[in-house]
Amino acid sequence: MNTPYYLIDEAALRRNLEILRGVRERTGCKILLAQKAFSMFAVYPIIAEYLDGATASGLFEARLAAEELQGENHVFSAAYRAEDIPELARLCDHVVFNSCAQLRAYAQRSDFEKLCAEAREYGFAMVAINPAPVSLCKDLLAGTSVHVGAAVGFPLGQSTPKVKKYETVDAIANGADEIDYVINITQLKEKNYDFIEHEMAGIVEECRSAGVISKVIFENCYLTEEGRGKRRFCRV
């Protein structure tokens, strides 16, 4: 037998994938393969039976996911080459940039105009912004397929559930078609899961009634010692 030789136990792989599929079915969430951790594309046809797609860390992984997995394709990189952007925009459903310029407190109209112009040019799926400029970006992106996403409770998540819910309703009324909200990290660290569920239910209810996508921001960097808490949070 030649080395190196990689042996996969298909039964064990499918057992693990069944667990992930169970999470999908119970929660309605989407689960993506992190290719940075596992990229044996010979078993991608099996993985595609269970998961929604993959994450990539650059153009080559994005190509691999598009060609071999053929599900949703998300890419994040610390930096991109300008010449790669058109192909990434064509291959990927989500392109994440290592910049919070559009979320910074001092972003001006010219910043949003530049952001929306680039989203138009490259056909990005969404621009992520704070709630205040939602109506501006909605107008700038009129006639395109680019979505406008509002970050609620960003960056600390320390507003009350009532305030976050109002912020969600207001952003949707102004044209947001995606809401990304930050959980109350203090409450999660204190294992107050009822609070987390109450807050989440209020925001998700408003989004679903308006036909708007909702996403939850965990801020895992603050949850280094809460392994079980993370799992309990995912069940919520």
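Residues numbered from 1 in each chain as written. Predicted model: local features only at pLDDT ≥ 70, side-chain atom pairs only at ≥ 80, totals over all residues. Heavy atoms only, no water.

Time to look at the overall build of the protein. For the protein, the count of helices and strands is ten helices and eight strands. The globule rule puts the C-alpha radius of gyration for 236 residues at 18 Å, and the 19 Å found for the protein is close to it. In terms of overall dimensions, the protein has a C-alpha envelope of 60 × 45 × 30 Å along the principal axes. The buried share of the protein, reckoned over its 236 residues, is 38%. (Helix = DSSP H or I, 4+ residues; strand = E, 2+ residues; numbered from the N terminus. Rg over C-alpha atoms; globule rule 2.2 N^0.38 Å. Buried < 20%, exposed > 50% of the residue type's maximum accessible area, 1.4 Å probe, protein only.)

The next thing to look at is unusual backbone geometry. With an omega of -5°, the peptide bond between Thr3 and Pro4 qualifies as cis. Counting through the fold element by element, Pro4 comes out in the segment before helix H1 (10–27). The linkage connecting Phe154 with the following residue, Pro155, adopts the cis geometry, with an omega of 5°. By the secondary structure assignment, Pro155 is in the loop between strand E6 (147–152) and helix H7 (161–173). For Gln70, which is not glycine, the phi torsion reads 60° and is therefore positive. You can see Gln70 is positioned in the loop between helix H3 (59–69) and strand E3 (72–77).

A separate point is the side chain of Glu61. Relative to the assigned elements, Glu61 resides in helix H3. Despite being buried, Glu61 has no salt bridge partner; Lys36 is the closest side chain of opposite charge, sitting 4.3 Å away. Discounting residues that sit within four places of it in the chain, Glu61 has contacts with Gln35, Lys36, Thr55 and Ala56. (Lys, Arg positive; Asp, Glu negative; His and termini not counted. Salt bridge = Lys/Arg side-chain N within 4 Å of Asp/Glu carboxyl O. Contact = heavy atoms within 4.5 Å.)

The next point concerns the packing of aromatic side chains. Under the defined criterion, the tally for this structure stands at one aromatic pair. Seen in terms of ring centroids, Tyr122 and Phe124 are 5.7 Å apart; in terms of plane orientation they differ by 35°. Their pairing is tilted. Tyr122 gets classed as partly exposed once you look at its relative accessible area, which sits at 26%. (Phe/Tyr/Trp six-rings, centres within 6.5 Å; stacked < 30°, edge-to-face > 60°.)

This part covers the sheet that holds strand E8 (residues 213–217). Taken in spatial order, the four strands of this open sheet run E5-E6-E7-E8, and their pairing is parallel. The sheet is open, and its two borders are formed by strand E5 (126–129) and E8, each paired with just one other strand. Mean inter-strand twist for the sheet, computed between neighbouring axes without regard to direction, equals 20°. By the bridge criterion, four bridges tie E6 to strand E7 (residues 178–182) in an arrangement that is parallel. Paired with Val152 across the strands is Tyr181, a residue of E7. Here helix H9 (residues 193–210) sits on the sheet in contact with E7 and E8, set at roughly 170° to E7. (Pairing = 2+ DSSP bridges. Axes fitted to C-alpha atoms, helices over the stretch in contact; angles between N-to-C directions.)

Take the environment of Gly211 next. Relative to the elements of secondary structure, Gly211 occurs in the loop between H9 and E8. Residue classification places Gly211 among the exposed positions, given a relative accessible area of 67%. Note: C-alpha distance between Gly211 and Asp177 (34 residues apart in sequence) is 7.8 Å.

Strand order in the open sheet formed by four strands is E1-E2-E3-E4, with parallel pairing between adjacent strands. For this open sheet the edge positions go to strand E1 (32–34) and strand E4 (94–97), each flanked by a neighbour on one side alone. Neighbour to neighbour, the strand axes of the sheet diverge by 20° on average, direction disregarded. The pairing of E1 with strand E2 (residues 53–56) spans three bridges and is classified as parallel. Within the sheet, the bridge partner assigned to Leu33 lies in E2 and is Ala54.

In short, the description is geometric, and any link to function would need to be established separately.
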